[in-house]
Amino acid sequence: MQLVVNTLVLAATYALIACGYVLVYRVSRVLNLAHGELMMLGGYLLLTTASLFAGRPLLAVAVALLLSLGLGLLVYVVLMRHFTGESVLAAVLVTIALGILLRGLAILLWTAQLQYPLVALGWQNPALSLGGGAVISAAGLLTLAAVAVVYGGLLLFLRYTPWGIRMRAAGENPLLAAQRGVALPQVLALAWGLATLSGGLAGMLLACDSGIDGTAVIVGLKAFPVALVGGLDSLSGALVGALLVAAAEVLAIAYLDPLVSDVVPFFVLLAMLLLRPWGLFGRREAFERV
Amino acid sequence: MQHRTWHRLGLTLAAVAVLFAVAQAQEPYRVGLSAALTGRGAETYAPVSEAIRLYVARLNARGGIHGHPVELLVEDNVAEPSRAAAHAKKFVSQDGVLLMLNASLSSTYPPMIHEAKRAGVPLFFAGSVCPREVYPPADPLLFCSTAFAARYDSEFALDFIKETAAGPVKLALVSMSIPISRGEVDYAEQLAPSRGIEPVSNQSIPPPTPNYAPFAAKIKAAGATWVYAWAPWVTQVKTFEALRQLGWQGKFLAYAHINAEEELARLQDEHFYVFGANAFFSHNLPVHQEILQAAAQGTMHPPTQLAEGWVAGMVLEAVLAGVSWPPTPAKVLAAMNRVRVDTRGLRGGPLEWTPTNHFRTTHYYRVYRWDRRQQGAVLAKDWTAVAIK
Amino acid sequence: MAYASGYFKTSYGAELALVETRLQWAALAALGLGLGLFPLLASPFALDLANQVLLAVIGAVALMLLTGYAGQISLGHAGLLAAGAFTTGILAEEAGAPFWLTVPASGAVGAVLGLVFGLPSLRLKGLYLAVSTLALHFIVAFLGSEYETRHGFSTGILLDSPRLGPVVLDDARLWYGLLLAVAAAVFLFSRNLLRTRTGRAWIALRDRDVVAAALGIPVAAAKLSAFVVSSVLTALAGCLFAYYRGFVSIEAFSLFTTIEYVAMLIIGGLGSLLGAVLGAVFVVTFPYLIDLAVDLLPVPARLSTYVFAVKYAAFGLIMLLFLLLEPEGLLGIWRRVRDYFVLWPFRYRPLAGRS
Amino acid sequence: MAEGAHLVVHDLDLAFGGLQVLHRVSLEVRPGELVALIGPNGAGKTSVLNCISGLYRPSGGRILVDEVDITGWRADRVARLAVARTFQHGELFRHLTVLDNLLVARHRHIRSTLLWDGLFWGRARRQEIVQRQAVEAVLEFMELERYRKTPVAHLPFGLQKRVGFARALALEPRVLLLDEPSAGMQREEKEDLARFLLRIKHELGITLLWVEHDMQMVADLAERLYVLNYGENVANGPPAQVLADPRVVEMYLGATMG
């Protein structure tokens, strides 16, 4: 039972992070390797707003979320905008460089110490009993809820709102979408904003659960295979991928050696990729036309 | 280029030249420090480096040593061996340092040791884990003042657990999956039966892991009554918190890293013990006041984390005080082989190096825990001397 | 070729020459002289930096063959470097193996790993392939860490300086000579591969693998050969790295190392060997250049802690600016400078014939 | 150069995920013959070529080259049996020069190992000279000498298609499959193309299977025609007879009307 809870919480964390990779990749085919850093900044932003709005934790969270969204928009407007239509590799390298810059800035602004936004917010992270001896941390439960809200919201948004439909269109065929009057820059900006928002949220939850420091970046990078298992362009795929990788990891810790828990997800991934090279839910590229 | 720009450039160059000339005239004792100030491990090593810098600044303000200032060259190796190697090369061949200091991850040791040996310049591990080579019989060039003492730490920890626990102990061990941490914890696992302690679980946790619950669940399932962790702080404390979340009621002994004092106050758990060699600031010794004053000059690190680097600074001063002008690396080495530093209460006793022992002749441990009634850290065990042979 | 006007070829053999004009010979001689004199004039620090650059050149050229020419993205580069270094370390530690044995052994291990981890490339493309090579990285890291821990090398395996006959390679100048020779040989070998059957097959499958197959190129074999060649050269670089630094430690080969190498390719200019060299020079020396630049600024001691964070951030910032302002990479700058001198006093060159 | 081979396609079926693209398509090209394959858009002409050259795996039927059953062979193996093809959109290696594009197609003729290639010594070097000579002959044949060192991307479209043609010839094929070589060409370029087709047929004797849209060219040059519609054989025979066939007339009229 505890095993299931642990898997679900880990999967939720991965899914929340992976969602950002998928959002950006879908519309621009760019793999955002600064996503881990943007996620970490979410945690740090919460740390700052928590001390800024001491005593009003909800306001602090709201402001941190807004700042995250703004950060994503800013990244697009200032940087990524210049790389639409350029080689994807160059755009990916830009995100790497951005990541290095952000890591340096984070040390400059917040030092390399392990810090705890939860303390600043004045909240606790109690364990809640689920019966059957299983418990879940409040932050874990919140992560699960956040996944439900973010994924549910995104699916509805993409399906029913005009902006969501534009975003899907841009992802499927940017040229055609542009011809039909979809303003690509705005759609891309929105994608970056939403990706950073969800990543920032993941960073905040992570920071509440176990504090925030530079290693958050590597957690962000670990979620990248998750997005791949599901297929980089599918949100529901990211959910399933997260479950699969988390289950592999938790089972490896429980029944094999914890040492291999870093490696096992990759074996799952390799096996899966060899069976379905385009990811679990990714669209299979049409037959190559010559 | 504009005329004015040239003008300004000329002025800058002149200023640099003047500074250079002044520096030449004062003839400093020059030492080089390669530290992980950014990147992995920065949370541990940046405060150490900062404390050494603050100490040296105070030392120079007091007039330096034998009328000469101490010049501390600091380089950031980002915990990368290649950078550390390049810095070491620069220190010994270009800057002509008398002594090199290392405050970084263990991966930066081999390249620095390599350069130190080639140039015959002593290498002083300050704040980074002591390599085995400083224990007796010591390598002629390697020295260490850091509080950690591999092997001795685990021996002391197991003894402490044995005497604190009333009955039989089921012990879980926790390390981070980096060689240095795993090696120590594996040693503790082998050692435990000889202390009548039953090791029930040995978890080696990858450094970046988003969720410690799966590891904690395994420890809890193994029925551990005690946990001993010897790992970077993150791994120790996150495992502990995950265990408490799962409702585990046992006791936890962790190594007291530089941020242990703040962390005890945050956790407020009476059964979370930390052991180490540095005195907490709650004792408010005169030397602690000194550190607080130095920190007030401006630093981005909490002052309670500066003790480890401060000890290194004291050792550095004591060593250089034994070197007459003009200094050479050989003279420094000779001074290091017979140094005895009064740590003024920061450690349990003096720190002494001998020609065969570059660690310390006697090592002192203290164990702290949080006390709810006093709302502060209290001693679970006062200074315990361990002879290093 | 456009720079060889006025020289007439009289045989196909002459067409195949790499160096064509007297000017090119002169430039090459000057370069050789410069590289030859460098160790006599440079400070030990600069010499060490040069050796680091040469090691990076070998690794970057190897990755360029795979990614820049055969079009296979790899994130396992640090893993392969580590594999070469560990083969060397383990053989030297366990069996006291000499230099002439560890070098081919590292190459062989590289070949096997290249073959095994090239296999997914037969089914996977692009980012999906990147992940399968990422698995290589983690597996090698896991094995290396296991070996270090099990055998008590908690800070890494120390290696003695290698012997080449009566010569002990423990001097930075000797190393400079050796590394320069190896880097030049690797460069030339790669250059030759690229102008013959093997290289043409790689480029063809990078540009359009379906068409390459229709022209009689066995795609699977060509892909695997790219993986094997690149991996062998990378593992050799890892072996040399281990000897040069005198130690092997898994912590020296992080994912960041891989990212640095990928950055070398892109900053230098994808699809060009010269780009790989320029990129290696840039990425290796850049942090030290920032150090130099920042050290020239007067910084109050109180703020000195911040300086290191600023340096770290500056690396990212300058890389960003560079990518924003010079998308063609260093190669683009190099071409522009070269064209400026070739065409001087005219400003523009005719459109066609850029080689 | 070798004589043309005998190409037989028998009852070819091709399906993609439930969609039947080809249904029992049969055709035959005798050695040295120039046969055209025509039909409206989406009739499956290119799919037939893709099946023969091994890019698609047919779901039924057989393909024979000089009695050798090549059904389901990988593309490179088919090419090594001296079956070459051109592509509708050229599909050249844009960053390479014309010369290098042609050299790629010499792959099957080069006997050299990777190691010697890297050393560029002995056989590798001699082989390069031999290949260079062979390619030079093709360049001369296709009148491309003056562009030999021009990167393909810098050439106008018509010339690019001619380079594609030359690249297929550089393979020294016995069967050459041409996928709409005249598409996008100017009148003069088409006349050049017609000349090359006839020279290949008469001077080299290569078997040619030619997918074409330009009915005028087909009527003038092809010896026989096959007509496909909706992935099935509709008619075949000499041009005059086939183009007068009421079914074919209706098909084309219908297609242009619709």
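If you're wondering where the values come from, they're calculated on a predicted model, not measured in any experiment.

As for the state of the cysteines
- Under the counting rule described, the total for this entry stands at 1 disulfide over all chains.
- At a sulfur-sulfur separation of 1.9 Å, the disulfide partner of cysteine 130 of chain B is cysteine 144 of chain B. Residues cysteine 130 of chain B and cysteine 144 of chain B are joined by a disulfide whose S-S torsion is about -70°; by sign, that bridge is left-handed. Residue cysteine 130 of chain B is located in the loop between strand 4 (123-125) and strand 5 (142-144), and its partner cysteine 144 of chain B is located in strand 5; the two are separated by 14 residues in the primary sequence.
- Accessibility expressed as a relative area gives 0% for cysteine 144 of chain B, which makes it buried.
- Unpaired in this structure, cysteine 208 of chain A has its nearest cysteine sulfur neighbour in cysteine 19 of chain A, at a distance of 18 Å.
- By relative accessible area, cysteine 208 of chain A is classed as buried at 15%.

Considerations on empty space enclosed by the protein
Residue and element names in this part refer to chain B.
- Using the criterion set out here, one finds 12 cavities of 30 Å³ or more in the structure.
- One number sums up the size of the second largest cavity: a volume of about 230 Å³.
- Every residue lining the second largest cavity is counted, 21 residues in all, and those nearest its centre are Ala256, His257, Ile258, Asn278 and Glu308.
- Listed by contribution, the elements that provide at least two residues to the lining of the second largest cavity are helix 2 (42-61), helix 9 (260-267) and helix 11 (307-321).
- Its residues placed into classes, the lining of the second largest cavity shows 11 nonpolar, 8 polar and 2 charged.
- For the lining of the second largest cavity, the domains that each give at least three residues are domain 1 (25-147 + 283-363) and domain 2 (152-276 + 366-387).

So, the domain arrangement of chain B
Residue and element names in this part refer to chain B.
- Each assigned domain of chain B is listed with its residue range as follows: domain 1 (25-147 + 283-363) and domain 2 (152-276 + 366-387).
- Measuring from the centre of the C-alpha atoms in domain 1 to the corresponding centre in domain 2 gives 29 Å.
- Facing 19 residues of domain 1, the contacting portion of domain 2 comprises 18 residues.
- Interface of domain 1 and domain 2: buried area, both sides summed, is about 1,500 Å²; carbon and sulfur atoms make up 61% of it.
- When the area that domain 1 buries against domain 2 is broken down by residue, the three leading residues are His283, Gln305 and His363, summing to 31%.
- On inspection of domain 1 and its partner domain 2, the count reaches 0 salt bridges.
- In this assembly, domain 1 and domain 2 are joined by 6 residue pairs in polar contact (both at pLDDT 80 or more).
- Sorting the residues of the side of domain 1 that touches domain 2 by element identifies helix 2 and strand 13 (362-371) as the ones contributing at least two each.
- Sort the elements by how many residues they give to the side of domain 1 that touches domain 2 and helix 2 lands first, with 3 residues.
- Split into classes, the residues belonging to the side of domain 1 that touches domain 2 amount to 6 nonpolar, 10 polar and 3 charged.

Conventions adopted
Residues numbered from 1 in each chain as written. Chains lettered and ligands numbered in written order. Predicted model: local features only at pLDDT ≥ 70, side-chain atom pairs only at ≥ 80, totals over all residues. Heavy atoms only, no water. Disulfide = S-S within 2.5 Å. Helix = DSSP H or I, 4+ residues; strand = E, 2+ residues; numbered from the N terminus. Buried < 20%, exposed > 50% of the residue type's maximum accessible area, 1.4 Å probe, protein only. 1 Å grid on protein atoms, 1.4 Å probe; cavity = no way out; pocket = protein on both sides within 12 Å on 5 of 7 lines; lining within 4 Å. Points joined across faces, edges and corners; volume = space filled by probe spheres on them. Nonpolar A, V, L, I, M, F, W, Y, C, P; charged D, E, K, R; others polar. Domains from an automatic or database assignment. Contact = heavy atoms within 4.5 Å. Buried area = accessible area lost by both parts, 1.4 Å probe. Salt bridge = Lys/Arg side-chain N within 4 Å of Asp/Glu carboxyl O. Polar contact = N/O pair within 3.5 Å; in protein donor to acceptor, adjacent residues only side chain to side chain.

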